[in-house]
Amino acid sequence: MEKKRPIGVTILAILAGLAAVVAIIHTLQMLHLFPILFGPVRFFTFNLIGAILWGAMAAIWIWLLRGLWNVDPSAWMFIVILTILNLSLALISLLGNSYWAELAPTIVINGIILIYALLPGTKKAFGQ
């Protein structure tokens with residue numbers, strides 16, 4: 001029997017899809033296939049390893065989107081851990097040579113996802 005997906009879980013899945021799009025954009029930036037639109041170009045240079053890591057992150061977000069869409073309880077735990085990790089790394093990057101404008105999409109989207117995932121109704125939908 002398939003679980004009914006509440007509207008909140010649908011919104012969370014859409015936000016995960018948005019995070020996947022941001023990761024794909026970062027992948028393309030690392031490969032110099034997508035222009036950097038914010039701030040000076042100091043942090044983003046051609047970096048194959050960075051592109052591979054961002055590509056892996058995009059794949060993880062897409063996997064999470066599927067898990068959230070199917071109301072998989074393990075996807076809820078994984079998204080909470082992933083957003084905390086992403087926020088931590090973004091904040092550490094701000095201490096370096098990165099600019100707020102470069103990291104704003106990552107920080108805002110991950111912050112919204114984390115807050116939404118921790119709401120009581122969302123946790124209840126995943127049996128938490």
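Everything below is about the structure shown above.
Residues numbered from 1 in each chain as written. Predicted model: local features only at pLDDT ≥ 70, side-chain atom pairs only at ≥ 80, totals over all residues. Heavy atoms only, no water.

Caption draft 1: Local environment of unusual backbone geometry. Phi is positive for Val71, close to 55 degrees, though the residue is something other than glycine. Summarising the element assignment, Val71 is placed in the loop between α2 (48-69) and α3 (73-95). On the basis of relative accessibility, which here comes to 3%, the residue Val71 falls in the buried class. (Helix = DSSP H or I, 4+ residues; strand = E, 2+ residues; numbered from the N terminus. Buried < 20%, exposed > 50% of the residue type's maximum accessible area, 1.4 Å probe, protein only.)

Caption draft 2: Structural view of the packing of aromatic side chains. Enumeration according to the criterion identifies one aromatic pair in this entry. Judged by centre distance (5.3 Å) and plane angle (85 degrees), the ring pair of Trp63 and Phe78 falls under edge-to-face. Taken together, the residues Trp63 in helix α2 and Phe78 in helix α3 connect sequence positions 15 residues apart. Classification of Phe78 by relative accessible area gives partly exposed; the value is 34%. (Phe/Tyr/Trp six-rings, centres within 6.5 Å; stacked < 30°, edge-to-face > 60°.)

Caption draft 3: Summary view of α2. For α2, which comprises 22 residues, the first-to-last C-alpha distance of 31 Å matches the rise-based estimate of 32 Å (1.5 Å per residue) to within 8%. Within the span of α2, buried status applies to Gly50, Ala51, Met57, Ala58, Trp61, Leu64, Gly67 and Leu68. Turning to α2, the residues buried within the fold contact α1 (7-30), α3 and α4 (100-117). A positive phi of about 55 degrees marks Val71, the residue just after α2. (Expected span 1.5 Å × (residues − 1). Contact = heavy atoms within 4.5 Å.)

Caption draft 4: Representation of α4 within the structure. For α4, which comprises 18 residues, the first-to-last C-alpha distance of 24 Å matches the rise-based estimate of 26 Å (1.5 Å per residue) to within 8%. For α4, every residue scored as buried is listed here: Glu102, Leu103, Ala104, Thr106, Ile107, Ile109, Asn110, Gly111, Ile113, Leu114 and Ala117. Residues of α4 that are buried make contact with α1, α2, α3 and α5 (120-125).

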